[in-house]
Each structure stands twice: as C-alpha cells, then as structure tokens.
Amino acid sequence: MPLKLYNTLSRKKEVFKPISKVKINFFVCGPTVYDYSHLGHAKTYVQFDMIVKYLRFREYKVNYLQNITDIDDKIIKRANESGENWKKVSKEYEKFYKEDMKALGIDSVRRYASATDHIKEIISQVRRLIKKGYAYKISDGWYFDLKKDKDYGKLAGRTSLGAEDSVSRIDENKGKRNPGDFCLWKFSKPGEPVWKAEIGDGRPGWHIEDTAITEKEFGPQYDIHGGGIDLIFPHHEAEIAQMESISGKKPMVRYWMHTDFLKMNKEKMSKSLGNFKTIRDLLKNHKKSTIRYLFASTHYRKPIEFSEEALENAKNSVERLKNLVSELKDDKKTNQKYLEEFQKEVDDDVNLPNGLAVLWTLLRDKDAKGKLKTVEKIDRVFCFDLLKREKEGITKEVRKLVNQREKLRKQKNFLEADNIRHKINNLGFIIEDTEKGVVVKRK
C-alpha cells in the first residue's frame, strides 16, 4: 500500500511522490521568538516531529528545515516594552524555544534558519518581484500587488481573512492598491532595526523570509510544507504568490500539510486570546512522553481539547504501555506481520492513532513473537521512551512485582495479590487499578 498524504492544495489524499525518489525536502514554519512557546505550538511541532520520523521509518531521507522569525513587529514591541535590545529579546526566546523542543523529544529538525541570516536572499527576492512588476512602492515599504496574481487564494479557497486565521500582519496603509496587499520590505522607522539596501533601508516583511530561506535551501520547488491551519491564509497563500511569481514554476510545493488546533474551553489556544499554557510550565509536572502520547492519539488534522483529564489519561496510557513492555524478553527478532500492519495503517495520511492501536494489539497478543524489537522500531516514531525503564523512576523490581500481582489477580488469588500491593507500597510506589489497566506512581 502506498503512502498517501492529504494535500491542502488539492483538498484530497494523494499518493506521495517526492521530486527525488528517496530524498524529501520538508519545511515547517517556525516560531516568532518574542515570548515562550505554548502547547498549541507544541501540538504542531510534536506532530510534525512524528510525521518526519515516520517518513524516516519508511526509509526516506528527510531534509527537515524550520525557520526562526527573529525580526518582526512583535519582537520590536516586546523589546520596547522591556527596554532591551530587539536582538537580545529574539536570541533569548529562540534559546528558550529550542530548549522546549529538546525537552519534548523533538530532534528531527536538521536545521533552524533565522530570518536575519538571510537578509541578502530576502532583498534579492524583493528586487526580482519589483523587476517583474509584482511589487510597488508606497510611503512605508514595498508591497505585493495581488491583482497581478490570478491564482491568489488557491490554497485557502478564498482571498479574505477568516475568524481563525493567524494575526494577519498585513500592514495597513491608505496608499495600498488592494486591501489584501502585503508588505515585502518595510522602510524602518526611527529607533527600529535597519538593513542597508538599494530598494531602501529597512527590514523584511513577515511572509518573504520563508520563501527566501526555502529558495536558498531547496530551490523554487520542493516536496512538503507544513504548519498550523491558522497559517494557511494569508501566510502560506502569500508564500505561494511570492515564489511562483518569481520563478514562474508551479506548484511551489507539492504537498501542503496542516495541523488543526489545540483548544482550551472550545477555543483555539493562543496568546491573543490569553487561554494558553506554556510548554515549560507543563513540563514541570508532566513528562514528555505524556504530552507526545496526547498528540499521537489524535490525527494531526483534527483538533484536541486540552484538559487535565486528557493529560492524566495520556500519562496512564504510557504507564500501561511501559508495564507491558517491561514483561518482554529480547528474542532478537522483529515481527514482520505487525510492522507491516503498522505501516499499512500509518500510510493513510500518517494516521498515528491507528498506528498506536497496532502497538497496543501487538503488546496484548500472547502468541506474537519478536515483540521487543518491533516495539523498539515503532517507538522511534512516537518517542515515548518505552524501553528506557530506569529513567522513568520505576525500578525493575517494582515492575516485576506489578506483573506478578497481575498474574495472581487473573488467577483470582486476591490475598497474595494484596500482599504484593503492600510490598510495592513499601518500596515507595502506589498501584492503581483502573478500567483500562494498572497504573503505577511514585508516592
């Protein structure tokens, strides 16, 4: 069965055919570094981490690139509010972002590319758009003329803002030719960061940095572009307009993949709404495996309603998986049947929840051989650290007692099972029997 991906551009699942047979150029929009990243960001980046790891599981060579927006109105505003230099603000929050990604087990990104390291490429793209007649100059900068691009709106299926789009960052100026025209190059105001350029001293607009970075790294066309659904319009629409106008080649990207929202109180989690939890705050009380399980258990194109109950369920699920894995012995084999079943399920638009179901079935199959090696391969996609038992704080001795107790309970020998519960308790752990299985916790 071939790998199929849902393409936002065509609005259907398509058989995945990379430009090169095994090499994939993959780009995901990174953060604007002016504040701590929240769990809404975590959903997108964890799910794309697992998508990339699955592509590598399928033996594709994935060149995964992310940009870092380190110059922007929001960064300048934060710097002015704090009285710090804008560069110090962006560097500090870029560092925090990368620390958060590492703490979440996200290690699939080959390179993070900063906007300010690509000013030369950004100016080059603006100059070419001017030369081709797609850009015009007004009082505060160079703008893209949407009337010159008949395809504008093909990704989103519209040309105006919607309720759940990201903050548009389409600068308002009465001199614009069309309401939706976006700024390519902003002439700097006094006290703002500035770069010398023949087109006028200034700084980049938001959308142009991504196409400048990807053109340098991948060329004018590449395989996959990802991001949250709130970036489809206008950000990704603007990227297409810029790059396809410059190169004359279509499509700029073969497959567009978008993650749905993480919601809190039925609204998308965002800083503008104030209903967010930062990644680092959540990691103070929850392990990365809990957060990754929460995001793996729902398809990337579906929303997740965040709650403490959902986190607790994810935590308990990971603990039950670890209990099952702790019983396994290494028979030096892999179970090809289950590996093929896992691939068959996940090949349907990277359906990780179905892949999880295969993992559970494998562990509960009493007759299956080669479980340990198979779990190890599957967990390279999920990164729940199922084989890292000691690092989770529950010792081999406790796990052995838990497994003995489960056998006694199945034999209805509840007296001996209760004795083992007391032994576990004396070792500093609490054992809970839930509808879905046994959960072990430190006191």
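For clarity, every value in this text was computed on a predicted model and none was experimentally measured.

## Here's the deal with the sheet that holds strand β7 (residues 141-144)
Point 1. The four strands are arranged β6-β7-β8-β9 in an open sheet whose pairing can be described as antiparallel. Looking at strand neighbours, the two that pair on one side only are β6 (135-138) and β9 (202-204), the edges of this open sheet. The sheet shows a mean angle of 25 degrees between the axes of neighbouring strands, direction not considered.
Point 2. Note: strand β8 (residues 183-187) against β9, three bridges, orientation antiparallel. Its bridge partner being in β9, Phe187 is matched across the sheet by Gly202.

## So, the pattern of salt bridges
Point 1. In total, this model carries 36 salt bridges according to the counting rule given.
Point 2. A salt bridge links Arg78 to Asp35; the nearest nitrogen and oxygen atoms lie 3.4 Å apart. Of this pair, Arg78 sits in helix α2 (residues 73-82) while Asp35 sits in the loop between β3 (23-28) and α1 (39-57), and the two are 43 residues apart along the sequence.
Point 3. Residue class for Arg78 comes out partly exposed when judged on its relative accessible area of 22%.
Point 4. The salt bridge partner of Asp165 is Arg158, with a shortest N-O separation of 2.8 Å.
Point 5. Residue Arg158 is classed as partly exposed on the basis of its relative accessible area, which comes to 29%.
Point 6. When salt bridges that share partners are traced, they join Arg405, Glu406, Arg409, Asp418, Arg421 and Asp433 into one network.

## Considering the packing of α1 against helix α12 (residues 371-382)
Point 1. For the pair α1 and α12, the least separation of the axes is 7 Å and the interaxial angle reads 140 degrees. Considering their axes alone, α1 and α12 lie oblique with respect to each other. For the pair α1 and α12, contact is made by Met50, Lys53, Tyr54 and Phe57 and by Lys377, Arg380, Val381 and Phe382, respectively.
Point 2. Considered class by class, the residues forming the contact of α1 with α12 number five nonpolar, no polar and three charged.

## A look at a positive patch on the surface
Point 1. A contiguous patch of positive charge, built from Lys329, Lys366, Lys407 and Lys410, is present on the exposed surface.
Point 2. Structurally, Lys366 can be placed in the loop between α11 (352-364) and α12.

## Here's the deal with the packing of aromatic side chains
Point 1. One pass over the full model with this rule turns up 21 aromatic pairs.
Point 2. Look at Phe16 and Tyr60: their rings are 5.5 Å apart centre to centre, the planes differ by 75 degrees, and that puts the pair in the edge-to-face class. With Phe16 in the loop between β2 (12-15) and β3 and Tyr60 in the loop between α1 and β4 (61-68), this pair connects stretches of sequence that are 44 residues apart. Each of the two residues, Phe16 as well as Tyr60, counts as buried.
Point 3. Ring centres of Tyr97 and Tyr112 lie 6.1 Å apart, and the angle between their planes is 85 degrees; on these two criteria the pair is classed as edge-to-face. Here Tyr97 is found in helix α3 (residues 86-103), whereas its partner Tyr112 is found in strand β5 (residues 111-114), with 15 residues between them in sequence.
Point 4. Grouping aromatic residues by their ring pairs yields a cluster made of Tyr54, Phe57, Tyr293, Phe342, Phe382 and Phe384.
Point 5. Of note, Arg301 hangs over the ring of Tyr6, and the distance from its end group to the ring centre comes to 4.1 Å.

## Section: the pairing of β6
Strand residues, when the strand is regular, have side chains that alternate between the two faces of the sheet.
Point 1. Judged from the four bridges that link them, β6 and β7 form a sheet pairing that is antiparallel. Paired with Tyr136 across the two strands is Tyr143, which belongs to β7.
Point 2. Linking two consecutive strands that pair antiparallel, namely β6 and β7, is a turn of two residues.

## Comments concerning the nonpolar core
Point 1. By size, the foremost hydrophobic cluster in this structure holds 119 residues, and its most contacted members are Phe26 and Trp185.
Point 2. Looking at this core element by element, the count peaks at 10 residues for α1.
Point 3. Contact partners of Phe26, with chain neighbours within four places excluded, come to Phe48, Ile51, Val52, Leu55, Val62, Asn63, Tyr64, Leu65, Phe218, Ile224 and Met257.
Point 4. One finds Leu401, Ile431, Val438 and Val440 within the second-largest nonpolar core, a separate group that totals 12 residues.

## Re helix α14 (residues 414-426)
Point 1. The end-to-end C-alpha distance of α14, which contains 13 residues, comes to 18 Å, matching closely the 18 Å that a straight helix rising 1.5 Å per residue would cover.
Point 2. Buried residues belonging to α14 abut α13 (396-410) and β15 (429-434).
Point 3. Backbone geometry just after α14 places Gly428 at a positive phi near 95 degrees.

Each value, and the rule that gives it
- Residues numbered from 1 in each chain as written.
- Predicted model: local features only at pLDDT ≥ 70, side-chain atom pairs only at ≥ 80, totals over all residues.
- Heavy atoms only, no water.
- Pairing = 2+ DSSP bridges.
- Helix = DSSP H or I, 4+ residues; strand = E, 2+ residues; numbered from the N terminus.
- Axes fitted to C-alpha atoms, helices over the stretch in contact; angles between N-to-C directions.
- Salt bridge = Lys/Arg side-chain N within 4 Å of Asp/Glu carboxyl O.
- Buried < 20%, exposed > 50% of the residue type's maximum accessible area, 1.4 Å probe, protein only.
- Parallel < 35°, antiparallel > 145°, perpendicular 65-115°, else oblique.
- Contact = heavy atoms within 4.5 Å.
- Nonpolar A, V, L, I, M, F, W, Y, C, P; charged D, E, K, R; others polar.
- Patch = residues over 30% accessible without salt bridge, like charges linked within 9 Å, V, L, I, M, F, W, Y side chains within 5 Å.
- Areas by Shrake-Rupley, 256 points an atom, 1.4 Å probe, with all protein chains shown as cover.
- Lys, Arg positive; Asp, Glu negative; His and termini not counted.
- Charge placed at Lys NZ, Arg CZ, Asp CG, Glu CD.
- Phe/Tyr/Trp six-rings, centres within 6.5 Å; stacked < 30°, edge-to-face > 60°.
- Lys NZ or Arg CZ within 6 Å of the ring centre and 35° of its normal.
- Core = buried A, V, L, I, M, F, W, Y, C linked by side-chain atoms within 4.5 Å.
- Expected span 1.5 Å × (residues − 1).

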